[in-house]
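Chain residues, written in single-letter form:
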Amino acid sequence: MTDTQSSRLAAETATGGSIVDVSFTVNGSATSVTVEARRTLSDVIREDCELTGTHLGCEHGVCGACTVLVDGQPSRSCLMLAAQAEGRDITTIEGLAGPDGELHPVQQAMMDAHGFQCAFCSPGFLMSTVALLDENPDPTSEEIREELSGNLCRCTGYQSIVDGVERAVKIMKGGSK
Amino acid sequence: MSANTSGLVGQSVKRVEDDRLLVGNGRYVADVNPPGVLHAVFLRSPLAHATITSIDATAARRAPGVVAIFTGSDMEAITHPFPPFAMQPDLYTPLYYCLSSTTVRMVGDPVALVLAESRHLAEDALELIEVDYEPLDTVASIAEGLSPTKPQLWEKANGNVLYDHVHTFAPGNESVDAVFAGADRVITERLSCPRQSNQPMETRGSVVEVDPDTGHMTIHNATQSSHMLRWIGAALTGKQSTREAAKGIIANKERRKAFLAGAKSFLKENAEGLKAQDNDGMKSQLKADKSFLKHANLIGVGLLGKDDYPDVVAQDIGGGFGAKGSIAREDVALIAAAGELGRSVKWIEDRVENLMDGGQAREEDLTLSIAVDDDGTFRGLKVDLVIDQGAYPGFPVGAPLASAIMKVMFPGSYNWDAFEMRSRIVATNKGKYVAYRGPWANETWARERMVDIVARALKMSPAEIRLKNLIGDDQMPTAMITGPKIDETMSTKKTLERALELLDIDQFERDRDTALAENHYLGLGIASYHEAAPGPPGYWECVNPGTETLLNEEAQATVETDGSVVVYTSQMPHGQSHETTYGQIVADELGVAIEDVKLVFGDTRRTPFSILGTGGSRGGPIGGGAMKYASRAVREQLVDAASKLLEADVADIEIVNGNVHVAGVPARGVTFAELIAQTAGDGFEATRSYRGKGDGGWSVATHACIVDVDLDTGKVTFPRYLVVEDCGPIINPAIVDGQVRGGVAQGIGAVLYERATYDDDANLQSATYMDYLIPTSMEIPEIEVHHMETLSPGGENDFRGVGEGGMIGAPAAITNAIEDALSPFGARITSQYLPPTKILELAGVISPD
């Protein structure tokens, strides 16, 4: 019996047999995991993939800290089961910067704008912003506020985050920083 | 000596923290996973008040993956109860253990701890623990807390009123009552503030890492004070008999010495302050409950006789707002469990737990009477305050300290002939009351609300009555009626004058008329206040004798042999951007780039001792002061060494971009590393302790806002919100603006959205974010922040704290604006919480209930 098989057997014994194999892509890397069916996508991202940049703030789908991109769409990874990620393409905060560490324009803009304070919510905001600007590259201030209203921040009062998005728009349009 | 600064202080330097935080490389406590770690979950009471008649964990212990289960009685055998802290005359602080064994006093009261191989398995096992509860009648409100017919939460208390004390300040010839009798009018109103919650986006959490070879513990924790956690964690766990402790005292000399070393310089610096501790507070405590003496003895001897002492390592923290300044009962249980099992344990609180037991605040009833002459001159102020402490007192600070600060700050920036305040604290079956950003803030809310009520009664404008009574520069220096000194840094009147200039009142009046056509009512509200940030010398002695010692901060600055600058603080950043602001201070002092400064924090193995860590608006003034003087001392050492090496007068040595040279000849300069190498030194080091030096200490602001009340929906929006703040010289304007705006956002939440709601049987009704509403980007408006930077006469390190003020001013300005908007309906606002239904009731659109 291989190690994987024996650990699978142990897990099945412990959980009544609800084990699934899931394959998906995370930040461009093909990933396969064997997990209890009840484990969430956020559990797997943080624990199995060891990508701890995705945060859990409420675990009931309100705060948005756990937001990741699933096939480009912003999704609450705390509300998705890992099994639902089968065949999907996942992007997390760790996947935003370039391979040489060059910041994504949204990251650069948030830094320039003093966007965050404790920054626990920042992975969710950054992923939501990337998705927003992908769909609407030139949003109005109202559209930004509306789109980001699914993410909670307790530190900033949001103004610096909205400023950051507006700066990102300028950078991505090739304007001045 | 020439200035040689790089001039970063005062600039919106980009945040050093963002290099790691914005790319997902932060290290929050949930990210810590020692090998073989066990996952912890707590079984919590579903009832608000009950006797535990039996608890049976047999089946749960056999559940898959379960390693251990501790019940309340298991924990009583191996831990000490939380002792009273900062005792005050007429205050009783109940003693309680980390888990409850015989009585539960709130929904969410922890009764058992399960440790299993995964969190899922631990949660599975929770359901198998059988607890029989015998329900008791509940105490669900302040009124019930004051009622003598309700059951008592704490056996040794006298009813549920744990504190009842009258403070009187009448410095003139007249008594408070005589001042009131002599005034033209006395206006009285009862105000109330419902329960709120701090709600940082990261919940609480702890990972107690146990070295499998030595048993040594390293506690990773989301704490605002790592040293406090280390001491309390060590003190309350590993309970042993006096005899065992005595053996340990003989055996562990070296480890004990190392443990105490950190606190030694603190004790030396604060010897006098510690002597000033109020013995009457201790007497009140012992009168009610002598058990503290027995526990204190065991705790003290046990601490000295421990085999080993834990370290605390706190790194990135996802906000706290005061809630993480408390030592969690859960933390004590986890440390004790890890010690018993010899294994690492991890607990990450979930949001439901956090809403139940992660800290609640601000629930207070306040009856105010203002004695005033017909011309609007304030004569006297009387306050009757009752705080709902909930079931368990926050440790170390909670309702008693909030009450003590309110006693000093209630008179605000106004002139009074007399002031009297009765303070009561009641125990109820609710989540524990903790410090929340400006824990005393309801003095500003209630006073500024009341000032508007008085102005209306006298047919004066809110601005006019404030300007008439605010203490002006022409009276300075002077003192508050409650004692603290006032100098020009208490610039409240100037911030109000500036705010009035910035508001376009005529335009507002025109907009108000236009809005009426669409059933929208506009209102303008202002609030002005000063706050101790952290207060001038002597301030904390007015609050509670002996507490001045808590302020102290120590910093260490070093230049290592490779030339790198590493500085150490006892502050515990959790969103305030210390790495950036301290980097600015140190870079300026040492003449290096901010990138070259590394700040070490949160690690008790490396950082200097402090009791409070971060809290009380001390980061800039006290922690920043210690940092400045420590790095200045290192600069002197560098300059001294360079003057010898370069054979020049110390006055001629400059440091620019890390190049130490004789003024005018940078080409012949040396780097720090070269200087150390060429002088055969082993680096430079200086440590400085600081707690303010007569630098004013007041942070000041006026908030002014225009609200738009939609009487179709009851929704309140903000066409304009402005803050004129004065925190003295600003280290980083972008960071200051962020602190102010974040505080205002929490104030908006408090008034319009957030409430920790309990039903009549003290069942929590707001246990998720579907019910406890945190405002989003759609609810928080743009907030204008205008700065004044009043310097303190003779002040040298003149920074003042700015983290709390936004929250202090906002509820008053907003509720005043809403009352103004609803003035056509004769609305009187007496509650701080105004959701849409309440707005519509006040306007008579719907009727109550």
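This one's a predicted model, so the numbers in the text were calculated from it and none came from an experiment.

**Quick word on helix α25 (residues 805–821) of chain B**
Reasoning step 1: Over its 17 residues, α25 of chain B runs 25 Å from end to end, which matches the ideal 24 Å to within 8%, given 1.5 Å per residue.
Reasoning step 2: Burial within α25 of chain B is extensive, with 17 of its 17 residues counted as buried.

**Describing the interface of chain A and chain B**
Reasoning step 1: Taken together, the contact between chain A and chain B spans 42 residues of the former and 57 residues of the latter.
Reasoning step 2: Where chain A abuts chain B, roughly 4200 Å² becomes buried across the two surfaces, and 57% of that area is made up of carbon and sulfur atoms.
Reasoning step 3: In this assembly, chain A and chain B are joined by five salt bridges.
Reasoning step 4: Among the ionic pairs, R38 of chain A bridges to D124 of chain B, the shortest N-O distance being 2.8 Å.
Reasoning step 5: Counting the contacts that link chain A with chain B gives 24 residue pairs in polar contact (both at pLDDT 80 or more).
Reasoning step 6: Elements represented by at least two residues in the side of chain A that touches chain B include exactly α2 (41–48), α3 (105–112), α4 (122–135) and α5 (141–147) of chain A.
Reasoning step 7: The residue makeup of the side of chain A that touches chain B, split by class, is 18 nonpolar, 14 polar and 10 charged.

**Examining the domain arrangement of chain A**
All names here are of chain A.
Reasoning step 1: Per the domain assignment, the segments making up chain A are domain 1 (3–10 + 17–92) and domain 2 (105–172).
Reasoning step 2: Placing a centre on the C-alpha atoms of domain 1 and another on those of domain 2 gives a separation of 24 Å.
Reasoning step 3: Between domain 1 and domain 2, the residue contacts involve 17 residues of the former and 13 residues of the latter.
Reasoning step 4: Between domain 1 and domain 2, roughly 1000 Å² of surface is buried when both sides are summed, and carbon and sulfur atoms account for 63% of that area.

**Some points on the packing of helix α24 (residues 733–752) of chain B against α25 of chain B**
Residue and element names in this part refer to chain B.
Reasoning step 1: Remark: α24 packs on α25, axes separated minimally by 7 Å, with the N-to-C direction vectors making an angle of 45 degrees. The orientation of α24 with respect to α25, classified from their angle, is oblique. Pair α24 / α25 crosses with right-handed handedness. Contacts from V740, G743, V744, Q746, G747, I748, A750, V751 and L752 of α24 reach α25 at G806, M807, A810, P811, I814, T815 and I818.

**As for the domain arrangement of chain B**
Residues and elements named next belong to chain B.
Reasoning step 1: For chain B, the domain assignment lists domain 1 (18–25 + 553–690), domain 2 (32–136 + 199–357) and domain 3 (360–538 + 695–842).
Reasoning step 2: Computed over C-alpha atoms, the centres of domain 1 and domain 2 are 36 Å apart.
Reasoning step 3: Taken together, the contact pairs 21 residues of domain 1 with 23 residues of domain 2.
Reasoning step 4: Carbon and sulfur atoms supply 54% of the area that domain 1 and domain 2 bury against each other, a total of about 1900 Å² over both sides.
Reasoning step 5: Among the residues domain 1 hides against domain 2, the three largest losses belong to H574, T604 and F609. Together they make up 38% of the total.
Reasoning step 6: Where domain 1 meets domain 2, there are one salt bridge.
Reasoning step 7: A salt bridge links D316 to R20, with the shortest nitrogen-to-oxygen separation between them at 2.7 Å.
Reasoning step 8: A per-class count over the side of domain 1 that touches domain 2 returns eight nonpolar, nine polar and four charged.

Rules behind the numbers
Residues numbered from 1 in each chain as written. Chains lettered and ligands numbered in written order. Predicted model: local features only at pLDDT ≥ 70, side-chain atom pairs only at ≥ 80, totals over all residues. Heavy atoms only, no water. Helix = DSSP H or I, 4+ residues; strand = E, 2+ residues; numbered from the N terminus. Expected span 1.5 Å × (residues − 1). Buried < 20%, exposed > 50% of the residue type's maximum accessible area, 1.4 Å probe, protein only. Contact = heavy atoms within 4.5 Å. Buried area = accessible area lost by both parts, 1.4 Å probe. Salt bridge = Lys/Arg side-chain N within 4 Å of Asp/Glu carboxyl O. Polar contact = N/O pair within 3.5 Å; in protein donor to acceptor, adjacent residues only side chain to side chain. Nonpolar A, V, L, I, M, F, W, Y, C, P; charged D, E, K, R; others polar. Domains from an automatic or database assignment. Axes fitted to C-alpha atoms, helices over the stretch in contact; angles between N-to-C directions. Parallel < 35°, antiparallel > 145°, perpendicular 65-115°, else oblique. Left-handed = near helix turned anticlockwise from the far one by under 90°.

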